[in-house]
Amino acid sequence: MSGAPAARGVILYGPPAAGKDTVTRALVAADAEFALFSRVKVGAGRSAGYRMSTPEQLEELRSSGAVVYENSRYGSTYVTDRPGLDAAVEAGIPVMHLGQVDGVRAVLNGYPADWLTVLLWCPREVTEARSADRGDADTPARLAAWDATRADLDASPDFRFDLTIRTDEVTPAVAAAQIHQALAAPRGDGELVMVDFDDTLVDRLSAVTSWVVGYCAGHGLGAEVEQRMLEAMRIRADPDVVEQLCAELGLPEDAGEFWSRYESELAALVKPFPGVIEALAAVRKAGHQVVVVTNGGSQIQRAKLAASGIADVVDAVCISEEAGARKPSRRIFEAAAAAVGRDLAQGGWMIGDNAALDVVGGRDAGLRTVWISHGRSWPGEPKPDLITETVVGALAHVHGGAP
């Protein structure tokens, strides 16, 4: 008989105003199983989110060996206690806020659970602006704490967080989704497998062609207009492309109406290539972590990911609009690795159909690369590590663990 599943928990580490409270609220809103872990606090000031206690009660915790970690800041003492953690993991998935690497280590070593450690980060000027915006009376103390957090990280270069999120670059909802995905993902010895989305996992070109043909037929537009629209939209379609087409062709809708229609209708037409869902599932079952890395807008890409079923069979998704960088920039590959608690120094794969964006970009990020040829010839040198006609062949190669 197998034992009971290990208790799970999330540790959010970061400087003041990095968004620990905001991201926690987003986690709870998305899944009621998450709940803020209320530390014991002895001292004056803010009481919300803490279990207020007295010096005498604190001494009792210390003498009974119930203190997992204790620190002092802003003139108060904060305690992570074993009885509180017992109650929290019994009730669901506790989300703990810590500002010291030693505290994170103490919890990892002192309380057995499957902890996901998350570094929430923002620049110092963002902490200052957020503190001022919310009316903090102690902004200088918050900035001093930011400096202390930076020094704390610098003093612990050997400590690796499972996940790093720049809260000045993504919304709280996106940060919560990344945490949820990373908590569910296996954190074993498998490899990191990054995969392009459009025309790699799904047949975007067929979907766009079908939509344009239907649009033109529905509005009585001729073959020349249809061909021009396909020419413009086959590689990339975004509001800028749409605005240009509307101005050039005199389409019956304005750019906003056209884009809204396209964005809402395209997802239903996007289908995975044959065997893709099963191949992705096999790669993950083998212990590898799969992250979709795609350029595009968040709303339309997430709609396509959901409608195609791809979102359900990968560990994380990294979209350029959310990451603040597009392929082939190294930054988007860094964000994709961080989404599952990894970094590029650990290596991995990048699989895609675009030679410049996926292969050159992936290679420059230090990844092994696979080009999905769809029957084409490789356009230049140096070649990727592997060329396959379909993504299913690429995933089978990775699944087999070939070097």
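Treat the numbers as computed from the prediction; the structure is a model and nothing was measured.

(A) Structural context of the sheet that holds strand 14 (residues 368-372). Here 6 strands make up an open sheet; going across it, the order is 12-11-10-13-14-15 and the pairing parallel. Of all strands in the sheet, those with a lone pairing partner are strand 12 (316-319) and strand 15 (386-388), marking the two edges. Adjacent strand axes in the sheet meet at a mean angle of 20 degrees, parallel and antiparallel pairs treated alike. Direction of pairing for strand 10 (residues 192-195) relative to strand 13 (residues 349-352): parallel, over a ladder of 3 bridges. When the sheet's bridge partners are listed, Met194 is paired in strand 13 with Met350.

(B) Layout of the pairing of strand 10. The side-chain alternation of strand 10 yields two buried faces, one formed by Leu192 and Met194 and the other by Val193 and Val195. Sheet topology places strand 10 next to strand 11 (residues 289-294); 4 bridges connect them, and they run parallel. The residue of strand 11 that forms the bridge with Leu192 is Gln289.

(C) The packing of aromatic side chains, seen in detail. The full count for this structure, using the stated rule, is 11 aromatic pairs. For the ring pair Tyr50 and Tyr78, a centre distance of 5.4 Å and an interplane angle of 50 degrees mean the geometry is tilted. Placement of Tyr50 in strand 4 (residues 50-52) and of Tyr78 in strand 6 (residues 76-81) is noted, with a sequence separation of 28 residues between them. Three or more aromatic residues joined by ring pairs make a cluster, and in this case those are Trp211, Tyr215, Phe258, Trp259 and Tyr262.

(D) Quick look at the confidence of the model for the protein. Per-residue confidence for the protein gives a mean pLDDT of 89, with 96% of residues at or over 70. Here strand 9 (residues 163-166) stands out as the least confident element of the protein, with mean pLDDT 84; strand 13 is the most confident, with 97. Confidence drops under a pLDDT of 50 for residues 1-5, and excluding neighbours within four residues, the segment shows 0 contacts in the predicted structure.

About the criteria used
- Residues numbered from 1 in each chain as written.
- Predicted model: local features only at pLDDT ≥ 70, side-chain atom pairs only at ≥ 80, totals over all residues.
- Heavy atoms only, no water.
- Pairing = 2+ DSSP bridges.
- Helix = DSSP H or I, 4+ residues; strand = E, 2+ residues; numbered from the N terminus.
- Axes fitted to C-alpha atoms, helices over the stretch in contact; angles between N-to-C directions.
- Buried < 20%, exposed > 50% of the residue type's maximum accessible area, 1.4 Å probe, protein only.
- Phe/Tyr/Trp six-rings, centres within 6.5 Å; stacked < 30°, edge-to-face > 60°.
- pLDDT = per-residue confidence, 0-100.
- Contact = heavy atoms within 4.5 Å.

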